[in-house]
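Breakdown of the fold
Here is what each chain is made of, one letter per residue.
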Amino acid sequence: MPDTVLPDDWDARAKRHSFFGFTDLPSIAERGTVVLTRGEGPYVIDTEGRRYLDANSGLWNMIAGFDHPELIATAQAQYARFPGYHAFFGRMADTTVELSETLAEVAPFEDAKVFYTNSGSEANDTMVKMLWFLHAAEGRPQARKILTRGNAYHGVTVVSASMTGKPYNSVFGLPLPGFIHLTCPHFWREGRDGESEAAFTARLAAELEEVIAREGADTIAGFFAEPVQGAGGVIPPSEGYFDAILPVLRAHGIPVIADEVITGFGRTGELWGCESYGFVPDAIISSKALTAGFFPMGAVILGPELSDRMSRAVDAIEEFPHGFTASGHPVGCAIALKAIELVRGGLLDDVRRLTPRFEAGLAKLAAHPHIGEWRGRGLMGALEAVKDKATKTPWDSHLSVSERIANTCTDHGLICRPLGQSIVLCPPFIMTDAQMDEMFDKLGGALDEVFAGLA
Ligand SMILES: *Cc1c(COP(=O)(O)O)cnc(C)c1O
């Protein structure tokens, strides 16, 4: 370390030997980094002793806050009893068996079977490999194409980045061939002039039919969708969307995978996002809130039909040659069991209790002349900044409006996230009414300050 970097200069130390993901470097060069040391409920505290209300639950995952005593005690107890094991070669920790039983109980299917990963990206990758594996075992090796939507976020590994519908992946030469992105079901932005929401939804169902006809149904391995798109900017689907597209997929025998990495475990006001939209997928991808963010873990949860087909395929080939060293880690599983108990034992009720206050706060700020729309479901929401509300004209992107708003919030002790031109809020379920009011007061102040500066 050069001697210009002092031990208490955490900003310089962070920049010197650590890479940040998804970070705009000019902005941290100008503003510095934030290095955090601990948390208290929904607050995080940095090395300078500054407190921030984290309106994004970390990265959507810390639903029980940053110091939940039961989750900490559970982790400590599991570390003391059995601190690590894998799930290969027919061996697995008892805690892992228990978590699978619990996931099967809470999953929206009759029966379920679980495969563990360390992240949501890996869970999506695993699901794609399972689909390729089982289609091949069933004599359809050509069924490899994957359908997702524009603005979808499914992760960053090569396959999950290919599924992600964001232009930034072109710097990697992604998506891979055979990953097809349908229109994002965001009516406010994607709807045409004079088009009703019902007509928009019908247009997307027709587009799906056309894509399937063009590509050939027998070449398609599966369709993946977030019930509410998260990192795309919190985009609930247009009215009737899943009711319109699911019959099309079903008619062609295309498996439907719900990426519930954000929406799983209560975020939308039901245990699963698919329940909020009244559908049952063929499989669920889970991560993030699965362990309330206290352990890196993901899971593929197969419904009865796919688990039967997968089991038959595995029987035929005698092995599913896939798995991660830490798949089904007993500490992660113990934490997940506790997190699920907390969600069912009160946190889900908290989401339902807080949602009207959250929606009212968003609606109030959406009255601002430079907020084009608010949207959301349960405790995930977004405000979209616009230059002109009537024409929905966005700000020039070089003005970095949402980044300015988020930076102003940070200066006032609130962490929220800029995504495109929107500001995303995804508060921990343990927030009090007063903390929620603090969140909206600070965000409202930042909107006034930033838009006044641009006027
Ligand atoms: C975060 C996220 C992922 C990726 O999970 P990681 O743990 O970051 O790999 C996948 N899908 C959705 C919907 C996500 O929000």
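Residues numbered from 1 in each chain as written. Predicted model: local features only at pLDDT ≥ 70, side-chain atom pairs only at ≥ 80, totals over all residues. Heavy atoms only, no water.

We apply this condition: UniProt positions are given in the numbering used here, feature names are shortened, and annotations may be inferred rather than shown by experiment.
For the protein, an unreviewed UniProt entry supplies the name Aminotransferase and the organism Jannaschia ovalis. What UniProt records for the protein under Cofactor (unreviewed entry) is the sentence "pyridoxal 5'-phosphate". Here the protein is described in UniProt, under the heading Sequence similarities (unreviewed entry), as follows: "Belongs to the class-III pyridoxal-phosphate-dependent aminotransferase family."

Let's talk about the overall build of the protein
Heads up, the rule is: In DSSP terms, a helix is any run of H or I states spanning at least four residues, a strand is any run of E spanning at least two, and both are numbered starting from the N terminus. We compute the radius of gyration over the C-alpha atoms and compare it with the globule rule, which gives 2.2 Å times the number of residues raised to the power 0.38. Throughout this description, buried means an accessible area under 20% of the type-specific maximum (1.4 Å probe, protein chains only), exposed means over 50%, and partly exposed covers the range between. The accessible surface values rely on the Shrake-Rupley method and a 1.4 Å probe; as for residues, cover is taken only from the protein chains in view. Note that His is not counted, nor are the chain ends; the positive residues are Lys and Arg, and the negative ones are Asp and Glu. One atom stands in for each charge, and that atom is NZ of Lys, CZ of Arg, CG of Asp or CD of Glu.
A tally of regular secondary structure across the protein gives 15 helices and 15 strands. The C-alpha radius of gyration of the protein comes to 22 Å, within 12% of the 23 Å expected for a compact globule of 455 residues. With the C-alpha coordinates of the protein rotated into their principal frame, the extents come out at 65 × 60 × 45 Å. Counting the 455 residues in the protein, one finds 56% classified as buried. Taken as a whole, the protein presents about 19,400 Å² of accessible surface, with 54% of it coming from carbon and sulfur. In the protein, 39 side chains carry a positive charge and 59 a negative one; their mean positions are 2 Å apart.

Re helix 9 (residues 197–215)
Inclusion rule: Helix span, as expected, comes to 1.5 Å for every residue beyond the first. In this description, contact between two residues means that some pair of their heavy atoms is separated by no more than 4.5 Å.
Compared with the 27 Å implied by 1.5 Å per residue over 19 residues, the 27 Å span of helix 9 between its first and last C-alpha is a close match. Within helix 9 the residues assigned to the buried category are Phe200, Thr201, Arg203, Leu204, Ala205, Glu207, Leu208, Val211, Ile212 and Glu215. Check the buried side of helix 9 and you find it contacts strand 5 (145–149), strand 6 (179–182), helix 8 (187–190), strand 7 (220–225) and helix 10 (241–251). Of the residues one or two after helix 9, Gly216 is the one with positive phi, at around 95°.

Let's talk about the nonpolar core
Rule in force here: Residues grouped as a nonpolar core are buried Ala, Val, Leu, Ile, Met, Phe, Trp, Tyr and Cys residues, joined through side-chain atoms within 4.5 Å. The domain boundaries here were taken from an automatic or database domain assignment.
With 102 residues, the main nonpolar core has Leu103 and Leu443 as its most contacted residues. A total of 17 residues in this core trace back to one element, the largest contributor, which is helix 13 (residues 330–366). When residues are assigned to domains, this core turns out to be shared by domain 1 (10–67 + 347–454) and domain 2 (70–343), each giving three or more. If we skip the residues at most four places from it in the chain, Leu443 touches Leu365, Leu383, Ile405, Cys409, Leu414, Cys416, Ile423 and Leu425. Formed by 25 residues, the second largest nonpolar core is a distinct cluster that contains Met163, Ile257, Met310 and Ala313.

Some remarks on the sheet that holds strand 11 (residues 371–377)
As a reminder of what qualifies: Two strands qualify as a pair provided DSSP detects at least 2 bridges between them. In this analysis, axes come from line fits to C-alpha atoms, helices being fitted only over the stretch in contact, and the angle between any two N-to-C directions falls in the range 0 to 180 degrees.
Here we have 4 strands laid out as an open sheet, ordered 11-12-15-14, and antiparallel in their pairing. The sheet is open, and its two borders are formed by strand 11 and strand 14 (417–419), each paired with just one other strand. Averaged over all pairs of adjacent strands, the angle between their axes in this sheet comes to 25°, without regard to strand direction. As defined by bridge partners, strand 12 (residues 380–385) adjoins strand 15 (residues 422–425) across 4 bridges and the pair is classed as antiparallel. Residue pairing across strands places Leu383 opposite Ile423, the latter belonging to strand 15. Contacting strand 11, strand 12 and strand 15, helix 15 (residues 433–454) crosses the sheet at an angle of about 170° to strand 15.

A few points about the site of the ligand
Cut-off, in case you're wondering: Any residue with at least one heavy atom within 4 Å of a molecule or strand is counted as near it. Side-chain atoms alone can form a polar contact between residues adjacent in sequence; in general such a contact is a pair of N or O atoms within 3.5 Å, and within protein one must be able to donate a hydrogen while the other accepts it. Only Asp, Glu, Lys and Arg are considered charged in this grouping, and only Ala, Val, Leu, Ile, Met, Phe, Trp, Tyr, Cys and Pro are considered nonpolar; every other residue, Gly among them, is considered polar.
The environment of the ligand is made up of Ser119, Gly120, Ser121, Asn124, Tyr153, His154, Gly155, Glu226, Asp259, Val261, Ile262 and Lys288. With respect to the ligand, the side chain of Ser121 contributes an N or O atom lying 2.5 Å from an oxygen atom. Within the contact set of the ligand, an oxygen atom lies 2.6 Å away from a side-chain nitrogen or oxygen of Lys288. Top contributing element to the shell around the ligand by residue count: helix 6 (residues 120–137), with 3 residues. For the shell around the ligand, the residue count by class is 3 nonpolar, 6 polar and 3 charged.

Observations concerning the environment of Asp9
The topology assignment puts Asp9 in the segment before helix 1 (10–17). As a C-alpha pair, Asp9 and Glu48 span 39 residues in sequence and 9.8 Å in three-dimensional space.

Here's the deal with the sheet that holds strand 13 (residues 414–415)
Strand order in this open sheet of 4 strands is 1-2-3-13, and the pairing throughout is mixed. This sheet does not close on itself; its edge strands, each paired only once, are strand 1 (36–40) and strand 13. Two elements, strand 2 (residues 43–46) and strand 3 (residues 51–54), share 3 bridges in a ladder whose sense is antiparallel. Following the sheet pairing, Val44 is matched in strand 3 by Tyr52.

Some words on the pairing of strand 1
Here strand 1 pairs with strand 2 via 4 bridges, running antiparallel. Within strand 2, the residue paired with Leu36 across the bridge is Asp46. In this structure, the hairpin formed by strand 1 and strand 2 is closed by a connection of 2 residues, where Gly41 is found at a positive phi of approximately 55°.

Description of unusual backbone geometry
Along the chain, Leu174 connects to Pro175 via a cis peptide bond; the corresponding omega equals 5°. Relative to the helices and strands, Pro175 is located in the loop between helix 7 (158–163) and strand 6. Positive phi, close to 70°, is recorded for Asn151, a residue that is not glycine. Along the chain, Asn151 falls in the loop between strand 5 and helix 7. Residue class for Asn151 comes out partly exposed when judged on its relative accessible area of 26%. For Ser400, which is not glycine, the phi torsion reads 50° and is therefore positive. Looking at where Ser400 falls in the secondary structure, it is placed in the loop between strand 12 and helix 14 (401–411).

What about the pattern of salt bridges?
Quick reminder of the rule: What makes a salt bridge here is a side-chain nitrogen of Lys or Arg within 4 Å of a carboxyl oxygen of Asp or Glu, nothing more.
Within this structure, the stated rule accounts for 25 salt bridges. Between Arg309 and Glu305 there is a salt bridge; the shortest N-O distance is 3.1 Å. Of this pair, Arg309 and Glu305 are both found in helix 12 (residues 304–317), 4 residues apart, which corresponds to roughly one turn of the helix. On the basis of relative accessibility, which here comes to 49%, the residue Glu305 falls in the partly exposed class. Put simply, Asp350, Arg353, Arg357, Asp433 and Asp437 are held in one network by salt bridges that share partners.

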